[in-house]
Structures are given as C-alpha cells and as structure tokens.
Amino acid sequence: MMSLNLAHQTGAAGVAPAAPRTAVVAAAAGTVSAPAVAPAAAPSLQLQTQTVDPAAPAQTPESMLAGKPDLAMACQALVESLPEADHPDVGGEERRKVGVPVYVMMPLDTVRKDGNGLNRRKAVEASLKALKSAGAEGIMVDVWWGIAECEGPGNYNFTGYMELMEMAKKNGLKVQAVMSFHQCGGNVGDSVTIPLPKWVLEEMDKDQDLAYTDRSGRRNYEYLSLGADAMPVLKGRTPVQCYGDFMRAFRDHFAAFMGNTIVEIQVGMGPAGELRYPSYPESNGTWRFPGIGEFQCYDRYMLSSLKAAAEAVGKPEWGNAGPGDSGGYNDWPEDSPFFRREGGWNTPYGEFFMSWYSQMLLEHGERILSAASGVYTGTPGVKISVKVAGIHWHYGTRSHAAELTAGYYNTRHHDGYQPIARMLGRHGAVLNFTCVEMRNHEQPQDAQCRPEELVKQVAAAARESGVGLAGENALPRYDETAHDQIVTTAAEKAEEERMVAFTYLRMGPDLFQPDNWRRFAAFVKRMSTESGVQDMCREQVEREAQGVAHATGPLVHEAAVALSN
C-alpha cells in the first residue's frame, strides 16, 4: 500500500542516495512550488473503450513536563477543558476531543489465504488491546479480493474478516476496510503474495490484454486493465460489476458492524490499492527508485480507446501508440526526449496524449465510485475514501515524469490533482494521500524529490474541492522526526478543515519494540489533542506515553513475540 522505495527513502537513517545525476539538477534548478491555478483544461475528450476484434460489437464505458508540576497541571487542565466536538463520533459511544484520529494498518496477511480464520490470532488479540490502551481510534485492514472471492464468481468467504471485526468491536476499535481489488506482491513493502482470484486469472490467461501492458509487451497481473472496465470479460460480468457485487456482499455480510465498527470503506482502484497505473512495478527488478516508469497503455482495450480519441480530434496518426521517445522504467527525465525540460510532454501531441491517459484514469475512478456510492449510500456513519499515490521523485522538474506515467497529469503548467479531488467530491469521498511523513532534505536531492510541496499541492486541491483529506506514512517510520512532520501537517490542516484521519503504517514486531511503542503512544496523544496544546505540553505528553508504555508492557511483549513467529 505504498508508493516509494525503502532503500532510498529512509532519510534520517542515512542511506546513501543513488549515484549523482547532476544533469537533472542543472536542467531543473531551483525549487518548485505547487502549480498555481492551472490553465483551463483542454475540452474533454470523448473517450471510447472498444475491442479491436472486428467480430465484437463496439462498446463504450460508462461515462481520492517532568520537573515542572505547575506547568504540567496547567497543561493537563487546558487539555481537559478543550470543547468537545458538536457531534458524537461514529457509533455515538463518546464525544471526542478536537484532534486527528489515528488508525493502524494491520499486517497484509492478517487473514489466512483460505479465508477461514486469522493468522497469529493470539498476536492480533494482544495487539488490538494494546492499540486501544494507547488511544488509537482503530485499525485498517485489506479485504483481499483474492481471498474473499477466490474460488468462484459470487462465492464469497468473509469468515476470517468476521473474526477480526468481532475482535475489533470487543476492544472498542473502529475499522477502515480496504476493498483490495489488486494483487499483494510486487510493490514496496509487500511481504506476502496474494494474487487476484483464481477465476479472474484464468480469464486473464485466456485474454492477456486484460492485463496492463507496457511498450515492450510486458504484462502486469497486479490489477485488471481499466481499458476493460465496461467489457463483460469476467464470465459474463464487467470488472466494475464484479467490484460492485463484492462491495455489496461485504456490506450485507457485515450489516451489523456498518457505521458503528466499520466506519470507512477505502475503495481500491489500482496497483497497491491506489488510483494510478502500474507504471513503476518492482517485481523482477523491473523498476528501481527513482526511475520515471513507463506508460501502461498497450493492451488492445487501451489502444482501441486511444485510436478513437485521436480520430475524434482529427489526428488519427496520434492513435497508434503511446510516445515512442518516453524512455524506460529506470531512466531519468533528461534521458528521454519526451520528458526533458522542453520535451514532447509540452507539445500539442503531448498534451493530447496526457489528457487522454489521465482522463481514462479519472473515468475509471468515476465508474468505481459510482458503484461504491450505489452500495454504501444510505449506510449512516460510513465514509468512502480513495487512495492517491505520493509520487514525489522528479517533482522538481518541469515535466514531473514519474507522475505522468502513473496517470497524474501534473506538470509545471498543469495541476493534475484538482481533477482527481473534484471527481472525489462529486461522490462525497475522502482523498487519502501518502508520504505525509517525508521531508525534502531526507530525499536524494539529485532526483528533485519534493514530498513537502507535493503534500501541500494535494491538500490545496482537496480544500478547493471541499474534499476531506486523510493521510498515511508511505514507509514504516518510528522516529520522532517523522512523527513531528506528520503532526505539523495535521496541525496546518487543523487551521482550515482538519485532516479527517491518519493511518499509521504498520502493525508488526517493530512497532512493539519498547522505544518505538513509547514514541507511538506519544504520537497518538499529540494527534488527539488540539494543535495549540501539542507543543506546550510536549513533556506532559511524553510522561503520559511513558505511563502507557509501562502499563501495556506485557501486552506489547506478547504481541511482539507472537508477530515475530
């Protein structure tokens, strides 16, 4: 569920960056802020998704404080006197103080692959109790399509997930449930492999164009190509129908938990659950940070749509393929004529292609959100959210190449996140964004990484579109530097419309190491109090965290041991 490469992103840990590439610095010198208001977008393309099989009818798809007791007492009194929110929290059990609720991601393999129970049940039980004691709001868990509907179409098995929901409810924790329609494995941090359902893979074997395809013909089996969204290619159903049916089955199966325990449905829309193309796959060493990635538009469904779009603008010669000079997965922007400073991305052809490529991604999101809204509208207390990837490398260049190949048409001249935020706003969905913990100076400078500016740009897009913003850390970080950055970002949002939630990556043995656990407890406390009190009472928060760590010691030790086995 991450977008970044661990070996190059630990920042404070002092990992050496990739070999210097001074050319990219020279080509794009100077800091880059988020694009100002983007120029008016090109007229919406009338996009069609068609099979090139002449025997098949043409079809169109349906159109985010020790030693200072007096000060400590004053801080505590101030915290306790904070006004409560005007509305009860979801479930109506209590009224929470102003703050950002913290959820914790469960291990990827929380539920057994057969779907019939939990892995390491004892560890899960101890972990949930410890999280509740530390003040966490709840947990996030992947509900894998490849587990819950593995054996056959419409044959759903939520047994293991039911066990987890009951356990969360018993411990007073809320749940963010991720409808994970992607493969686990092949992305940063994927420690296990959970493929798509067997019957889906069978159809992909019959028709390999159901898989995303790059210019060299390499197929990607992480997620079904969005070009086939509206085609009845899965035993008579379209992919979007399958996603909608899965969400409906989940809603019905967990009706007693919806709105009181299950408070958010994050709808997976691509690899790693993110609304993007699989432009930087790590499997088999295909991509390495900070490569620009490759366009994924070479299955016959995507090519058919591209051809139709080119003909619609009177340029049929633009519809045969993607840019031929866009480089390879591990190139840098200046290596590619298309992405260099004054490259093809900034020509009429480049604008046409990027408008089509990004619009296809937006329409994919629109179709799935329409299905999700149809399922969950009328379910009080349940929010829908969508995850957007934090692609911060080469953000300081003009072309933003790595974002373009992923489907985000974000350049020096074009805001790629506002259209996404507006699309989410039409469905009342929350925009969940990663890399909230990162600072610019921690990243390889020659790769023009700008995570802080990227987060600000996405936050501005959410604000202007009236969309709630939620955050995640992109990589496991247990240090106070990362925690400070997250709290600062959340506090800044609190001055306008508060970040609605933060999800902490991830539950595991490292989280339950004594020092990490103490720092986590302090982090949760700081996130749960009003921003004006956080810094003033830092020592008080640390003392309370030490108390939590001491009180939960046996539980934490039990969880750490069990998770390590």
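Residues numbered from 1 in each chain as written. Predicted model: local features only at pLDDT ≥ 70, side-chain atom pairs only at ≥ 80, totals over all residues. Heavy atoms only, no water.

Peer 1: An account of the UniProt feature "binding site: substrate" (unreviewed entry) in the chain is needed here, citing residue identities and associated values.
Peer 2: Cross-referencing UniProt, the feature "binding site: substrate" (unreviewed entry) maps to D142, H182, D190, K387, H392, T434, N473, A474 and R506 in the present numbering. Summarising the element assignment, D142 is placed in strand β2 (residues 138-144). Mapped onto the secondary structure, K387 falls in strand β7 (residues 383-388). Overall, the relative accessible area of 0% leaves K387 in the buried class. (UniProt positions renumbered as here; feature names shortened; annotations may be inferred. Helix = DSSP H or I, 4+ residues; strand = E, 2+ residues; numbered from the N terminus. Buried < 20%, exposed > 50% of the residue type's maximum accessible area, 1.4 Å probe, protein only.)

Peer 1: So what's going on with the sheet that holds β2? Residues and values would help.
Peer 2: By definition, the strands of a sheet pair up through backbone hydrogen bonds, in either a parallel or an antiparallel sense. Sheet architecture is closed into a barrel: 8 strands sit in the order β1-β2-β3-β6-β7-β8-β9-β10, paired in parallel fashion. Each neighbouring strand pair of the sheet contributes to a mean axis angle of 30°, computed without reference to strand direction. As paired elements, strand β3 (residues 174-180) and strand β6 (residues 262-267) share 5 bridges and run parallel to each other. Across the sheet, residue V175 finds its bridge partner in β6, namely I262. (Pairing = 2+ DSSP bridges. Axes fitted to C-alpha atoms, helices over the stretch in contact; angles between N-to-C directions.)

Peer 1: Account for the environment of L424, naming residues and giving values.
Peer 2: Along the chain, the position of L424 falls in helix α12 (residues 418-426). Residue classification places L424 among the buried positions, given a relative accessible area of 0%. Distance in space between the C-alpha atoms of L424 and S465 is 8.6 Å, their sequence separation being 41 residues.

Peer 1: So what's going on with the packing of α12 against helix α13 (residues 451-465)? Which residues, and what values?
Peer 2: When two helices pack together, you describe them by how their axes are tilted relative to each other and by the distance separating the axes. Relative orientation of the contacting elements α12 and α13 amounts to 40°, with a least axis distance of 8 Å. Between α12 and α13, the angle falls in the class oblique. When you trace α12 past α13, the crossing you get is right-handed. Residues Q418, A421 and R422 of α12 lie in contact with α13, whose contacting residues are A461, A462, E464 and S465. Of the residues belonging to the contact of α12 with α13, the class tally is 3 nonpolar, 2 polar and 2 charged. (Parallel < 35°, antiparallel > 145°, perpendicular 65-115°, else oblique. Left-handed = near helix turned anticlockwise from the far one by under 90°. Contact = heavy atoms within 4.5 Å. Nonpolar A, V, L, I, M, F, W, Y, C, P; charged D, E, K, R; others polar.)

Peer 1: Can you tell me about the packing of aromatic side chains, naming the residues and giving the values?
Peer 2: Counted by the stated rule, this structure contains 37 aromatic pairs. Here F295 and Y357 contribute two aromatic rings whose centre-to-centre distance is 5.1 Å and whose plane-to-plane angle is 90°, an arrangement assigned as edge-to-face. Here F295 is found in the loop between β6 and α9 (300-312), whereas its partner Y357 is found in helix α10 (residues 348-376), with 62 residues between them in sequence. Overall, F295 belongs to the buried group, its relative accessible area being 3%. In this arrangement the basic side chain of K169 is found over the ring face of F257, its NZ or CZ atom lying 5.5 Å from the centre. (Phe/Tyr/Trp six-rings, centres within 6.5 Å; stacked < 30°, edge-to-face > 60°. Lys NZ or Arg CZ within 6 Å of the ring centre and 35° of its normal.)

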